[in-house]
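Coordinate analysis (summary)
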Amino acid sequence: AQTVTQSQPEMSVQEAETVTLSCTYDTSENNYYLFWYKQPPSRQMILVIRQEAYKQQNATENRFSVNFQKAAKSFSLKISDSQLGDTAMYFCAFTPGWGTSYGKLTFGQGTILTVHP
Amino acid sequence: SQTIHQWPATLVQPVGSPLSLECTVEGTSNPNLYWYRQAAGRGLQLLFYSVGIGQISSEVPQNLSASRPQDRQFILSSKKLLLSDSGFYLCASPSTEQFFGPGTRLTVL
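Residues numbered from 1 in each chain as written. Chains lettered and ligands numbered in written order. Predicted model: local features only at pLDDT ≥ 70, side-chain atom pairs only at ≥ 80, totals over all residues. Heavy atoms only, no water.

Structural notes on the overall build of chain A
- In terms of helices and strands, chain A carries zero helices and twelve strands.
- Written out in order from the N terminus, the α and β elements of chain A read β-β-β-β-β-β-β-β-β-β-β-β.
- Compactness check: chain A gives a C-alpha radius of gyration of 14 Å against a globular reference of 13 Å for 117 residues, within 12% of the reference.
- Dimensions of chain A, computed from the C-alpha atoms along their principal axes, are close to 45 × 30 × 20 Å. (Helix = DSSP H or I, 4+ residues; strand = E, 2+ residues; numbered from the N terminus. Rg over C-alpha atoms; globule rule 2.2 N^0.38 Å.)

Here it is in structure tokens:
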């Protein structure tokens, strides 16, 4: 079984600053994917970034980037130039990458990020 | 494009009433489909998944059931709702870029 741990229940950052959200996971799988999702008050799950375990290069999407440390089973999210619209709950999630198991997501507890003006 | 639709967006139901939530997927064939539930302030929990028509696997024993009557349709049901069934229900398909549908907010009173 997989576990995903987000050790920061809440974080805050000033607008335009950089913030890093932590995530660690545990698995015996070799083929898997990791995700960061943003959940604003509307509660829709918005995909922020996706990382394939077999790719050593860290994924980036505009102001969002990850630091994927496979050996340490760590997957942190860095948000640069924080904006007020980044205020939301952020979830780290894991899924095996094979067959019918792909899509069976295990989520962390979430981190509430508040961006202050 | 591949999109997931969920209906209804919001639902308020009395305890003991039946439930039917619908999920449909566009732009893909034979998708794997999933139902997740999120209780207030918590992460998502996988309830059911389906790899094809009529094929349902349950992850958590509970008061709910799921069905897949058509390739791109996934339904979550209950015969008698409990207070503990309140939550935010999300349908998911790895075949779509966003992965998750917009969700249904269910309140059982």
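Some points on the nonpolar core
- Formed by 25 residues in total, the largest nonpolar core has its most connected members in Tyr25(A), Trp36(A), Phe75(A), Leu77(A) and Tyr90(A).
- Elements with a contribution of two residues or more to this core: β3 (19–21), β5 (32–39), β6 (46–52), β8 (64–69), β9 (74–79), β10 (88–96) and β12 (111–116) of chain A.
- Per element, the largest residue contribution to this core is four residues, and it comes from β10(A).
- Setting aside its immediate chain neighbours within four residues, Tyr90(A) contacts Gln6(A), Leu21(A), Trp36(A), Tyr37(A), Lys38(A), Val48(A), Phe64(A), Leu77(A), Ile79(A), Gly110(A), Thr111(A) and Leu113(A).
- Formed by 20 residues, the second largest nonpolar core is a distinct cluster that contains Tyr102(A), Tyr36(B), Leu44(B) and Ala92(B). (Core = buried A, V, L, I, M, F, W, Y, C linked by side-chain atoms within 4.5 Å. Buried < 20%, exposed > 50% of the residue type's maximum accessible area, 1.4 Å probe, protein only. Contact = heavy atoms within 4.5 Å.)

Overview of the packing of aromatic side chains
- Going through the model one piece at a time under the given rule, you end up with 19 aromatic pairs over all chains.
- Residues Phe107(A) and Phe100(B) carry aromatic rings whose centres are separated by 6.2 Å and whose planes lie at 50° to one another, so their mutual orientation is tilted. Here Phe100(B) lies in the loop between β9 (87–92) and β10 (104–108) and Phe107(A) lies in strand β11 (residues 106–107), a pairing that spans two chains. Here Phe107(A) and Phe100(B) have matching classes, each one buried.
- Three or more aromatic residues joined by ring pairs form one cluster here, namely Tyr33(A), Phe35(A), Tyr37(A), Phe91(A), Tyr102(A), Phe107(A), Tyr34(B), Tyr36(B), Tyr49(B), Phe99(B) and Phe100(B). (Phe/Tyr/Trp six-rings, centres within 6.5 Å; stacked < 30°, edge-to-face > 60°.)

Overview of the sheet that holds β9(B)
Residues and elements named next belong to chain B.
- With respect to topology, six strands assemble into an open sheet ordered β2-β10-β9-β4-β5-β6, the strand pairing being mixed. Of all strands in the sheet, those with a lone pairing partner are β2 (10–13) and β6 (55–58), marking the two edges. The sheet shows a mean angle of 20° between the axes of neighbouring strands, direction not considered.
- Looking at chain direction, strand β4 (residues 33–38) and β9 are connected through five bridges and run antiparallel. Following the sheet pairing, tyrosine 36 is matched in β9 by leucine 90. (Pairing = 2+ DSSP bridges. Axes fitted to C-alpha atoms, helices over the stretch in contact; angles between N-to-C directions.)

Description of the pairing of β9(A)
Residues and elements named next belong to chain A.
- The pairing of β3 with β9 spans three bridges and is classified as antiparallel. Within the sheet, the bridge partner assigned to leucine 21 lies in β9 and is leucine 77.
- Looking at chain direction, β8 and β9 are connected through six bridges and run antiparallel. For serine 65, the partnering residue across the bridge sits in β9 and is lysine 78.

Regarding the environment of Thr100(A)
- Within the element layout of this structure, Thr100(A) appears in the loop between β10 and β11.
- On a C-alpha basis, the gap between Thr100(A) and Asn30(A) in space is 16 Å, while along the polypeptide they are 70 residues apart.
- Among all residues touching Thr100(A), those that are not within four sequence positions of it are Asn32(B), Tyr34(B), Tyr49(B) and Val51(B).

Notes on the pattern of salt bridges
Residue and element names in this part refer to chain A.
- Across all of its chains, the model carries seven salt bridges over all chains by this definition.
- Its salt-bridge partner being aspartate 86, residue arginine 63 comes within 2.8 Å of it at the nearest N-O pair. Taken together, the residues arginine 63 in the loop between β7 (60–61) and β8 and aspartate 86 in the loop between β9 and β10 connect sequence positions 23 residues apart. This pair shows no difference in class: arginine 63 is buried, exactly as aspartate 86 is.
- Within this structure, Arg50, Glu52 and Lys55 form a network of salt bridges that share partners. (Salt bridge = Lys/Arg side-chain N within 4 Å of Asp/Glu carboxyl O.)

Any link to function would need more than the numbers given here.
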